[in-house]
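Fold and contact review
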Amino acid sequence: MLCPCWLLISFTFVYPAFSKNITPKPVRSEVSNSCSERSLETLTTQLMLDLPGYANRAAQRGHRLSRSVDIYTYILVAGKPEFQPLPLKPGIDPAKKYELEVVEQVFFTTWEYKYIGKKVVELQEFHWLFLTKTKIGWQVVMMFTQTGAYPVKQPVAPPRDSSNGAIAQGVKLWLRDCNSIK
């Protein structure tokens, strides 16, 4: 019994670090969210890598809520984003909703399988995503999508507001997670 106590006491003399009281340094409260500090290009490049998983989970939650649906979609890949903005037409100006904020445009494609009953259909979707940087990080303003066959054949369906679709929900969830990382 005396021997183990002697070892513990000798450690405090040989290794003074064990005998010192170390006081922790205060955490800087001005450290901001790294997601909101990212450039749009950096942010969306990472988003494209994670988007299929996020969008697939959003789609699966949607299927569980409406069990009568017999169409299952699986997003396989999100393509490289493009940032060259298109001129906005009257009536589709999301900047009016956010007059004080700058609205950025991102274009990307997704490749997906859609199971309709037992039939598999390959689709390519073309997404026009509008984002704005707020005090809490990047946020989705709205999104439009066009759907076409894969490989691309004409005609492509006209654009539709997909702001509440699975891809937009996946983007919103990814941004939520990204904005919550401190």
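Refer to the structure presented above.
The paragraphs below set out a description of the structure included in this document. (Residues numbered from 1 in each chain as written. Predicted model: local features only at pLDDT ≥ 70, side-chain atom pairs only at ≥ 80, totals over all residues. Heavy atoms only, no water.)

Side note on the pairing of strand β4 (residues 137–149)
Applicable threshold: Each residue gets one of three labels from its accessible area relative to the maximum for its type: buried under 20%, exposed over 50%, partly exposed in between, using a 1.4 Å probe on protein chains only. For helices the rule is a DSSP run of H or I covering at least 4 residues; for strands it is a run of E covering at least 2, with both sets numbered from the N terminus onward. Strands are treated as partners if at least two bridges between them are detected by DSSP.
Across the 13 residues that make up β4, a large majority, 10, are buried. Across 12 bridges, strand β3 (residues 119–134) lies against β4 in antiparallel orientation. In the strand pairing of β4, Leu129 is matched with Met143. The turn joining β3 and β4, which pair antiparallel and follow one another in sequence, is formed by 2 residues. As paired elements, β4 and strand β5 (residues 160–161) share 2 bridges and run antiparallel to each other. Counterpart to Thr145 in the pairing with β5 is Arg160.

Re helix α4 (residues 166–180)
Defined as follows: Take the number of residues in a helix, subtract one, and multiply by 1.5 Å to get its expected span.
Between its terminal C-alpha atoms α4 stretches 21 Å, which fits the 21 Å expected from 15 residues at 1.5 Å a residue. Ile167, Ala168, Gly170, Val171, Leu173, Trp174, Leu175, Cys178 and Asn179 are the residues of α4 that are buried.

Observations concerning the pattern of salt bridges
Rules: One side-chain nitrogen of Lys or Arg within 4 Å of one carboxyl oxygen of Asp or Glu is enough to make a salt bridge.
Applying the stated criterion to the full structure yields 2 salt bridges. In this structure, the salt-bridge partner of Arg160 is Glu125, at a minimum N-O distance of 3.2 Å. Here Glu125 lies in strand β3 and Arg160 lies in strand β5, a separation of 35 residues in the sequence. Owing to a relative accessible area of 7%, Glu125 belongs among the buried residues under this scheme. Measuring nitrogen to oxygen at the nearest pair gives 2.9 Å for the salt bridge that ties Arg176 to Asp177.

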